[in-house]
Amino acid sequence: MSQFDSYRALALQVTCHAVNTLNNRVAVREQMLATIVRLREQIRASIAFIGNDVRLVVLPEYFLTGFPLGESIAAWSEKAAIDPNGPEYAALGQIACDLQIFLAGNCYERDPHFPGLYFQVSFVIDPSGQCVLRYRRLNSMFAPTPHDVWDRFCQMYGPDALFPVADTAIGRLACIASEEILFPEVARCLAMRGAEVFLHSSSEVSSPELTPKHIAKRARALENLAYVISANSAGISGIPIPAASVEGGSQIVDYTGRVLVEAGQGESMASHAEIDLAALRRYRRRPGMNNLLSRQRFDLYASSYATAIFYPPNTLLTGVAERQHFLRVQQETIERLAQKGII
């Protein structure tokens, strides 16, 4: 595929249909595949309206399943987490192939090396239908992450799997999952590996006022001289929580921290904008105070990070994983930091 100096990206804002009331994996899979069929038509129609220069579509968090609401980790893994080579990825890959786009999103995924668990995975599928990037969320309040099984994860995949960046025809792409936009280190580690465009699948509160995540999107873009393409949900249906609690405000932010476009509420293709890679690369090569990426002195901070253990690794290597585990570990961490006088 030829390289693109510029193209149009779309943060597609769609309703997420929860699977919580479905009782078995067969019913959940049927609904997920029906969701993908619906998305296929929405993406096709959006491109027809916006223009054939759309090369990248980012879907929101929870677009396939919603999120666990009382289900145990093992139950959610069995019911709603997909397999790396499963039919859901194949169907999404077919959309990317047929429409000749890069397609990004976020889902729950099982891993054969960690039975009974699941990871929340952000992915990028290229126009050949192949998954070219798989990022496993590293910070989560109530779900397993690679850090919770750190030693075994590194043994299985190596440390390079933690912060993947895909060098593609539309730039060097990286994924940031939902709340992780609030963790500067995630974006920074991806930028260290050359990321130019952050793909942010989210399901978050939207407000006329600046929210923490909206502030963070601008900050992560500015700090790292990178685009942020953030797709939010248009509500979540099928759960007791009011559907519009997480709705609206999908954004595309440029490498100076400027919001190029923002959607309102409801299902929307309004959040689309040009991604000018040539301009970004010129900006990154221009000396001056605004070139924050080139001014980073990471070695100054390395020893502080290396010696500071706040939230501990490997807490799920033994024992049964359950939701309250994560809150207990956080409480213990707070107590330890208080004893040390850090907080």
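Structure: see above.
Residues numbered from 1 in each chain as written. Predicted model: local features only at pLDDT ≥ 70, side-chain atom pairs only at ≥ 80, totals over all residues. Heavy atoms only, no water.

*Asks:* How do you make sense of helix 5 (residues 184-192) when you look at a structure like this?
*Replies:* Every buried residue of helix 5 is accounted for by Val186, Ala187, Arg188, Cys189, Leu190 and Ala191. Along its buried surface, helix 5 packs onto strand 6 (131-136), strand 8 (171-177), strand 9 (197-201) and helix 6 (212-224). Once helix 5 finishes, glycine 194 follows within two positions and takes phi at roughly 100°, a positive value. (Buried < 20%, exposed > 50% of the residue type's maximum accessible area, 1.4 Å probe, protein only. Helix = DSSP H or I, 4+ residues; strand = E, 2+ residues; numbered from the N terminus. Contact = heavy atoms within 4.5 Å.)

*Asks:* How should unusual backbone geometry be read in this particular structure?
*Replies:* Working note: non-glycine residues mostly have negative phi, and peptide bonds are mostly trans. At tyrosine 62, a residue that is not glycine, the phi angle is positive and equals roughly 70°. One can find tyrosine 62 in the loop between strand 3 (54-58) and helix 2 (73-80). The phi dihedral of asparagine 314 falls on the positive side, at around 65°, and the residue is not glycine. As for its placement among the helices and strands, asparagine 314 is situated in the loop between helix 8 (299-307) and helix 9 (324-339).

*Asks:* Sorry, what's going on with a nonpolar patch on the surface here?
*Replies:* A contiguous nonpolar patch, built from Met192, Phe298, Leu300, Tyr301 and Tyr305 and spanning about 530 Å² of accessible area, is present on the exposed surface. Take the nonpolar patch: its biggest share by element is three residues, from helix 8. Using a relative accessible area of 31% as the deciding quantity, one classes phenylalanine 298 as partly exposed. (Patch = residues over 30% accessible without salt bridge, like charges linked within 9 Å, V, L, I, M, F, W, Y side chains within 5 Å. Areas by Shrake-Rupley, 256 points an atom, 1.4 Å probe, with all protein chains shown as cover. Salt bridge = Lys/Arg side-chain N within 4 Å of Asp/Glu carboxyl O.)

*Asks:* Would you mind going over the packing of aromatic side chains with me for this structure?
*Replies:* Enumeration according to the criterion identifies twelve aromatic pairs in this entry. Judged by centre distance (6.4 Å) and plane angle (15°), the ring pair of tyrosine 62 and tyrosine 108 falls under stacked. Of this pair, tyrosine 62 sits in the loop between strand 3 and helix 2 while tyrosine 108 sits in strand 4 (residues 102-109); the two residues are 46 residues apart in sequence, bridging distant segments of the chain. For the residue pair tyrosine 62 and tyrosine 108, the accessibility class agrees, reading buried in each case. Consider the rings of tyrosine 255 and tyrosine 283, whose centres lie 5.1 Å apart with planes at 55°: the pair is tilted. Taken together, the positions of tyrosine 255 in the loop between strand 12 (251-253) and strand 13 (259-262) and tyrosine 283 in helix 7 (residues 277-284) put the pair 28 residues apart, joining distant regions of the chain. Its guanidinium or amino end placed over the ring of tyrosine 157, arginine 136 lies 4.5 Å from that ring's centre, counting from NZ or CZ. It is arginine 152 that lies over the ring of phenylalanine 114; its NZ or CZ is 5.8 Å from the centre. (Phe/Tyr/Trp six-rings, centres within 6.5 Å; stacked < 30°, edge-to-face > 60°. Lys NZ or Arg CZ within 6 Å of the ring centre and 35° of its normal.)

*Asks:* Got a minute to help me understand the pattern of salt bridges in this structure?
*Replies:* Between side chains of opposite charge, pairing is possible as soon as their charged atoms come close. According to the stated counting rule, one finds 18 salt bridges in the structure shown. A salt bridge links arginine 38 to glutamate 267; the nearest nitrogen and oxygen atoms lie 3.6 Å apart. Taken together, the positions of arginine 38 in helix 1 (residues 25-50) and glutamate 267 in the loop between strand 13 and strand 14 (272-276) put the pair 229 residues apart, joining distant regions of the chain. Accessibility expressed as a relative area gives 41% for glutamate 267, which makes it partly exposed. The salt bridge partner of glutamate 78 is arginine 110, with a shortest N-O separation of 3.5 Å.

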